[in-house]
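# Survey of secondary and tertiary structure
Here is how the chains run, residue by residue.
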Amino acid sequence: MEFRTTLMAGAAVLALAVPALAEDYTITASADYSGPFADVMPDAMAGLNAMVAYWNAEVGEDLGATVNLKIYDMRYDSAVIARTWPSILSSDEPIMHLGFGSPDLVTLMGRLPNDKVPMLLGTAMVGLVWKPDGWHFSIRPTYSHEFAGLFDHMQAEKGGQLKIAAVSTQNQAGFVDQVNGVKALAEQYPDRFAVTSTQWADTAPVSLTSQVRAAMADEPDLLLVGGTTAQVIAAAKAMDELGQRVPIVMSTHNGLAEVSKGLSLDQLEGSYSAFSFAAPEKDALPIREVFEEYKSDGEWGTITAQASAQAILALRVLENAIADVGAENVTGQAMYDALLSHEYSEEALLGALPTLDFDSSAPFPVGEIKATAQVVRDGAITTVQSDWFDVPTLEKW
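Quick caveat: nothing in here was measured; it's all calculated off a predicted structure.

Parameters at a glance
- Residues numbered from 1 in each chain as written.
- Predicted model: local features only at pLDDT ≥ 70, side-chain atom pairs only at ≥ 80, totals over all residues.
- Heavy atoms only, no water.
- Helix = DSSP H or I, 4+ residues; strand = E, 2+ residues; numbered from the N terminus.
- Rg over C-alpha atoms; globule rule 2.2 N^0.38 Å.
- Buried < 20%, exposed > 50% of the residue type's maximum accessible area, 1.4 Å probe, protein only.
- Contact = heavy atoms within 4.5 Å.
- Areas by Shrake-Rupley, 256 points an atom, 1.4 Å probe, with all protein chains shown as cover.
- Lys, Arg positive; Asp, Glu negative; His and termini not counted.
- Charge placed at Lys NZ, Arg CZ, Asp CG, Glu CD.
- 1 Å grid on protein atoms, 1.4 Å probe; cavity = no way out; pocket = protein on both sides within 12 Å on 5 of 7 lines; lining within 4 Å.
- Points joined across faces, edges and corners; volume = space filled by probe spheres on them.
- Nonpolar A, V, L, I, M, F, W, Y, C, P; charged D, E, K, R; others polar.
- Pairing = 2+ DSSP bridges.
- Axes fitted to C-alpha atoms, helices over the stretch in contact; angles between N-to-C directions.
- Core = buried A, V, L, I, M, F, W, Y, C linked by side-chain atoms within 4.5 Å.
- Phe/Tyr/Trp six-rings, centres within 6.5 Å; stacked < 30°, edge-to-face > 60°.
- Right-handed = clockwise from strand over helix to strand, strands pointing away.
- Parallel < 35°, antiparallel > 145°, perpendicular 65-115°, else oblique.
- Left-handed = near helix turned anticlockwise from the far one by under 90°.

### Concerning the overall build of the protein chain
Within the protein chain, the regular secondary structure consists of 13 helices and 13 strands. Here the C-alpha atoms of the protein chain give a radius of gyration of 21 Å, agreeing with the 21 Å that 2.2 N^0.38 yields for 397 residues. In terms of its C-alpha atoms, the protein chain occupies a principal-axis envelope of roughly 65 × 45 × 40 Å. Looking at the protein chain as a whole, 57% of its 397 residues qualify as buried. Of the contacts made within the protein chain by residues no fewer than 6 positions apart, 68% connect residues no fewer than 24 positions apart. Approximately 15,200 Å² of the protein chain is accessible, and the part contributed by carbon and sulfur atoms is 48%. Computing the positive centroid from 23 side-chain charges and the negative centroid from 52, the protein chain places the two 7 Å apart.

Shown next, in the form of structure tokens:
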């Protein structure tokens, strides 16, 4: 618990510098209890609630401050978000909104600069929203950056050129963007990476045998399937049918834990899930200890780890905003300024994230971007390595 001891000492110093005022701050959050992520939502919201409970007890109390977390069921639906957001602004006056995914992004990113409320997402970004001066941010870089971190590691282990085949969905812009970012990686580092083919498929395919057969004809080292769990399951079954096997690389929303609900881990041996927050099973992970101490419900896992990381960054931003402008002056503008003007260390983030730095040039961390990954070894999900992967520099695609 060394991280937490250090942080509590830091909070005590801050408390001496700031008058103890009874300040209440509202942070709002989007949930999805009746849409495609309803099954994992209790655990996701448990992560947010546990981090707020921790902060109120161990940090906010010393600052004379309390965070009220207000969760809204947005159903992963842009229309619901559009209807709900004006009343959130007027009734809650949030200093920050914790978004859940693409519907929040596409609905709110255009109006947030005028509303002066920054939004922090736990999901990865896509190159389509890689624009300057936005008020939408993610704790994670783009999906392509996360894949690039794993591919960098795999290429270094292999030596020579890493051959990547992809399965994606042509009418889903975000999924196409994942592939475009990996193609940009190959174009920028042609001696190290090559995209051998992209096979287009439905989001919920009955079979991927023909696509996987075509992909395997180029003898790739791996198959990138960053879209849906159904695509991963179909790809694994197709390789079994064809008697061929290369690792499948997926993200978190369609990752190993989710796919294993519909497929034996034995069929996923050697496959990966790439992302950029600490893997939930990582050794010596302080945020996991905090969750277990302060949770009121929920179970620790991938979605819980992601939500907890999202919340702890928001709360550290609040601490800096209080120090910068005073507890009574914290607004959405102060939160935006604090996010951009401070570096957030891995230690302060309870090991949940690598050290992060933000500026107005991108809606995700800049500078030395890091990633991590899980892999199936001997029929169990484990971390690839204890340290973060360095992500190769990627120019905007």
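Still more to cover.
### Details of the layout of surface pockets
Quantified by volume, the largest pocket comes out at close to 1,200 Å³. What lines the largest pocket is a set of 49 residues, and nearest its centre among them are F37, Y76, T123, Y143 and H253. Elements supplying a minimum of two residues to the lining of the largest pocket: α2 (41-63), α4 (102-108), α7 (173-188), α10 (256-259), β10 (272-275) and α12 (302-325). Of the residues contributing to the lining of the largest pocket, the split by class is 23 nonpolar, 20 polar and six charged.

### Brief notes about the sheet that holds strand β4 (residues 119-121)
Read across the sheet, five strands follow the order β2-β1-β3-β4-β5 without closing on themselves; strand pairing throughout is parallel. Each edge of the open sheet carries a strand with a single partner, namely β2 (65-73) and β5 (136-138). Pairs of neighbouring strands in the sheet enclose a mean axial angle of 25 degrees, with direction left out of account. Contacts between α12 and the sheet are confined to β1 (23-31), β2, β3 (96-99) and β4, with β3 contributing the most and set at about 170 degrees to the helix.

### What to know about the nonpolar core
Among the nonpolar cores identified, the biggest contains 113 residues, and W55, L98, F151, L224, L313, L318 and L353 are the most heavily contacted of them. For this core, the element with the most residues is α12, which contributes 13 residues. Setting aside its immediate chain neighbours within four residues, L318 contacts Y25, W55, V67, I95, V330 and M335. Judged by nonpolar contacts, the second largest core, of 25 residues, contains L208, I248, L263 and L265.

### Topic: the packing of aromatic side chains
Counting across every chain of the model gives 13 aromatic pairs. Look at Y76 and F100: their rings are 6.2 Å apart centre to centre, the planes differ by 80 degrees, and that puts the pair in the edge-to-face class. Of this pair, Y76 sits in the loop between β2 and α3 (78-92) while F100 sits in the loop between β3 and α4, and the two are 24 residues apart along the sequence. Of the residues examined, F100 reaches a relative accessible area of 9% and is grouped as buried. Look at W130 and F364: their rings are 5.0 Å apart centre to centre, the planes differ by 75 degrees, and that puts the pair in the edge-to-face class.

### Section: the pairing of strand β7 (residues 193-200)
Pairing geometry for strand β6 (residues 162-168) and β7, over seven bridges, is parallel. Opposite I164, over in β7, you have V195 as the bridge partner. This β-α-β element, β6 to α7 to β7, shows right-handed connectivity.

### Things to note about the packing of α2 against α12
Direction vectors running N to C along α2 and α12 enclose 30 degrees, while the axes themselves pass 7 Å from each other. Relative to α12, the element α2 lies roughly parallel. In this structure, the crossing between α2 and α12 has a hand that is right-handed. Mapping the contact onto sequence places D43, A44, G47, L48, M51, V52, Y54, W55, V59 and L63 in α2 and I303, T304, A307, S308, Q310, A311, I312, L315, R316, L318, E319 and I322 in α12. For the contact of α2 with α12, the class distribution of residues is 15 nonpolar, four polar and three charged.

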